[in-house]
Amino acid sequence: MKIVFSPCPNDTFIFHALVHGLVPGAPQLDVTYADIDVTNKLAVQANGPDILKISYAAIPWVLSQYALLPCGGALGRGCGPLVLSKPSSTGETLGTKAIAGKRVAVPSERSTAYLLFRLWAASQVPEGIGEIIVMPFQQIMPAIRDGQVDAGLVIHEARFTYPAYGLALVEDLGNWWEKDTGLPIPLGAIIAKRSLDLQAITGWIRSSVEYAWKHPEVSQAYIMQHAQELSPEVAQAHIDLYVNKYSADLGESGYAAITALLSRAMKEELVPQFDVTQLRYEANTIPCSIKTP
């Protein structure tokens, strides 16, 4: 069975037990590590992986072949993407003028971060954005710093490291979303082919999450092996931020957040039209017994 997820600490923490044969009854996995822009593209291929992590924003393109699983993903509060720019030379507070008509780097045009950015800009930047440039997320902060772009949309550990690049915050899109909707932020989703045993896969992933919480020390070497030169402290902060109760079960508030995001995106014609009832499959009604730490 082929699975693809990112090398980020939250994913390696969640999937460590499943990948290493520590989940009873689960098959051996053929693992590929790839950033979200790559996985979003893999999901639309004719013979894509069996299980993969994609952005919630990419779901409308894949629901005919893949089902959204109710666990293993990234959804929460206080963990949204950031819009960054260079500090003002005069020391004044940055506003939307740092974005209006400017060149903005984004990690993917099919990411939740990008949807949040476009929804925020539609209401807060009436002048409009200039050129959108897609680049790997780890290149965005250096590109802003070096003047290759005027601003950038960043995700993951950039929340903790952007001051080291001499950059300033324009907007925390997670805070904007939470204030505007009262809902958590849908970031990364776990999907599986509809032809597979979705109930079994859901159980394996939940067991892997439970193992990770019960034995956090066991996965440390695996996490740091793939952590892209992060310090152990930053890797742990990343896990603490993105692995939470929604990683075990989306629940009603999780589904409400996903539905709100994609419904707004459909209204703005940022994603294809689809039936939001397809976001759930029958196994999603199975109660989750995992308690968050």
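A quick note: this is a predicted structure, and the numbers were derived from the prediction, not measured. (Residues numbered from 1 in each chain as written. Predicted model: local features only at pLDDT ≥ 70, side-chain atom pairs only at ≥ 80, totals over all residues. Heavy atoms only, no water.)

Close contact between helix H3 (residues 112–124) and helix H11 (residues 251–267) brings their axes to 11 Å; oriented N to C, the two are set at 60°. Relative to H11, the element H3 lies oblique. Classified by chirality, the crossing of H11 by H3 is left-handed. Where H3 abuts H11, its residues Thr-112, Leu-115, Leu-116 and Leu-119 lie against Leu-261, Leu-262, Arg-264 and Ala-265. Among the residues forming the contact of H3 with H11, the class breakdown is 6 nonpolar, 1 polar and 1 charged. (Axes fitted to C-alpha atoms, helices over the stretch in contact; angles between N-to-C directions. Helix = DSSP H or I, 4+ residues; strand = E, 2+ residues; numbered from the N terminus. Parallel < 35°, antiparallel > 145°, perpendicular 65-115°, else oblique. Left-handed = near helix turned anticlockwise from the far one by under 90°. Contact = heavy atoms within 4.5 Å. Nonpolar A, V, L, I, M, F, W, Y, C, P; charged D, E, K, R; others polar.)

Let's shift gears to the packing of H3 against helix H6 (residues 173–181). Running from amino to carboxyl end, H3 crosses H6 at an angle of 65°, the nearest separation of the two axes being 10 Å. Here H3 lies roughly perpendicular to H6, going by the angle between them. For the pair H3 and H6, the crossing hand works out as left-handed. Touching Ala-113, Leu-116, Phe-117, Leu-119, Trp-120, Ser-123 and Gln-124 of H3 are Leu-173, Trp-176 and Trp-177, all from H6. Class assignment of the residues belonging to the contact of H3 with H6 gives a composition of 8 nonpolar, 2 polar and no charged.

In this structure the tally under the stated criterion is 4 aromatic pairs. An angle of 90° between the planes, with centres 5.4 Å apart, marks the rings of Phe-5 and Tyr-33 as edge-to-face. Taken together, the residues Phe-5 in strand S1 (residues 2–5) and Tyr-33 in strand S2 (residues 30–33) connect sequence positions 28 residues apart. Residue class for Tyr-33 comes out partly exposed when judged on its relative accessible area of 30%. Each member of the aromatic cluster is reached from another via a ring pair, and the members are Phe-5, Phe-15, Tyr-33 and Tyr-222. Above the face of the Trp-61 ring, Arg-110 is positioned so that its terminal group lies 3.9 Å from the ring centre. (Phe/Tyr/Trp six-rings, centres within 6.5 Å; stacked < 30°, edge-to-face > 60°. Buried < 20%, exposed > 50% of the residue type's maximum accessible area, 1.4 Å probe, protein only. Lys NZ or Arg CZ within 6 Å of the ring centre and 35° of its normal.)

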